[in-house]
Amino acid sequence: MALLKERKTPAENIAFMGISAGIVVAFGLLSTFLPLSSFLVILFLPLVCALTAFYCQDRYLIGYVAATIVVSLLTTVYDISVTLFDVVPAILTGTLFGFLLKKKISYSLTILIVSLLKLGLNYLMLLLLKGIYGVDIIESFLTLLGLENKEHIREIVPAFIFGYALIQEGISFFVIILGSNSLETMAAKKVAPFVFAILS
């Protein structure tokens, strides 16, 4: 059975999503022990979730997203900051990427839509940081740059946050596209048959 193909039966969908969720949880756990691995989470996990959304049936996606987030939070309950701020956004944006690509939405519109989701998640993250840790990231950043007393500076902060989200999702988009193409090439050449057999 080929790795990169549409999953049609319930068993195929559940098996693929289960393996995908396991990868997500494993990377979440790794990030709590190795902080630098959060970079891999940001880049790699959206690809995993995008492939899942692209090749699995839509009716399973909400359950997949919910279950993956819940299990990730439970397994990192001793330090959920990485899960909240890196893993959960990667799950949501990656899944949305895959869903929109499957619906043949244009690349530019896909990046825009997912960037808007990321913008909302960034604001939520800022609120959580302020609520949980009492840290105002925006104020700290403006102070670091010596801009805290500049007139109207906070009025343009949303534009910078959106630009940051756009850059993040642009990078994620290219990782997803290049990663998907690379996996398709490997599958066509029958590279690493043991890995593909497991995922199939």
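**Student:** Explain the overall build of the protein to me, please; I cannot follow it from the model alone.
**Tutor:** A tally of regular secondary structure across the protein gives eight helices and zero strands. Counting from the amino terminus, the protein carries its helices and strands in the arrangement α-α-α-α-α-α-α-α. Looking at the protein residue by residue over its 200 residues, the buried ones come to 40%.

**Student:** Whenever I open this one, the confidence of the model for the protein confuses me. Can you help?
**Tutor:** The predicted coordinates of low-pLDDT regions are not to be read in fine detail. Confidence along the protein averages 78 in pLDDT terms, with 81% of residues attaining 70 or more. This model gives residues 190-200 a pLDDT under 50, and the stretch forms 15 contacts once residues within four places in sequence are excluded.

**Student:** What is the right way to look at helix α5 (residues 107-133) in this model?
**Tutor:** Every α-helical turn comprises 3.6 residues, leaving residues that sit three or four positions apart pointing alike. Taking 1.5 Å as the rise per residue, α5 with 27 residues should run 39 Å; its terminal C-alpha atoms sit 37 Å apart, in good agreement. Within the span of α5, buried status applies to T110, I111, V114, S115, K118, L119, L121, N122, L126 and L129.

**Student:** Before we go on, may I ask you to explain the nonpolar core in this structure?
**Tutor:** Across soluble globular proteins, you tend to see nonpolar side chains buried next to one another. In terms of nonpolar packing, the biggest core is built from 18 residues, with M17, V24, Y64 and I91 touching the most fellow members. Of all the elements in the fold, those that place two or more residues in this core are α1 (10-33), α2 (38-55), α3 (61-75) and α4 (81-102). If we ignore the near neighbours within four places in the chain, the residues touching V24 are L45, V48, C49, Y64, T68, S72, V87 and I91. Among the nonpolar cores identified, the runner-up in size contains 12 residues, and Y55, L100, V114 and F173 belong to it.

**Student:** Could you clarify how one ought to interpret the side chain of N13 in this entry?
**Tutor:** Here N13 is to be found in helix α1. Within the local environment of N13, its side chain forms a polar contact with the backbone nitrogen of Q57, the two atoms lying 2.8 Å apart.

**Student:** Which parts of the structure should I look at to understand the pattern of salt bridges?
**Tutor:** Proximity of charged atoms lets side chains of opposite charge pair with each other. Counted according to the given criterion, the structure contains two salt bridges. Among the charged side chains, a salt-bridge network with shared partners connects D58, K102 and K103.

Criteria and cut-off values
- Sequence order sets the numbering: in each chain, residues are counted from 1 along the sequence as written.
- Under the rules for a predicted model, residues below a pLDDT of 70 receive no local features and side-chain atom pairs below 80 are neither given nor counted, while totals for whole chains, interfaces and linings still include all residues.
- Hydrogens and waters are ignored; side-chain quantities use all the structure's heavy atoms.
- Numbering of helices and strands starts at the N terminus; helices are DSSP runs of H or I of at least 4 residues and strands are runs of E of at least 2.
- Under the scheme applied here, a residue whose accessible area is under 20% of the maximum for its type counts as buried, over 50% as exposed, and between as partly exposed, the area being computed with a 1.4 Å probe on protein chains only.
- Confidence per residue, as judged by the predictor, is encoded in pLDDT with a range of 0 to 100.
- Contacts between residues were defined by any pair of non-hydrogen atoms, one from each residue, lying within 4.5 Å.
- What a helix is expected to span follows from its residue count: subtract one and scale by 1.5 Å.
- Side-chain atoms within 4.5 Å are what join buried Ala, Val, Leu, Ile, Met, Phe, Trp, Tyr and Cys residues into a set we call a nonpolar core.
- Here a polar contact means two N or O atoms within 3.5 Å. Within protein one must be a hydrogen donor candidate and the other an acceptor candidate, and residues neighboring in sequence count only if both atoms are side-chain atoms.
- Take a side-chain nitrogen of Lys or Arg and a carboxyl oxygen of Asp or Glu: if they are within 4 Å of each other, that pair is a salt bridge.

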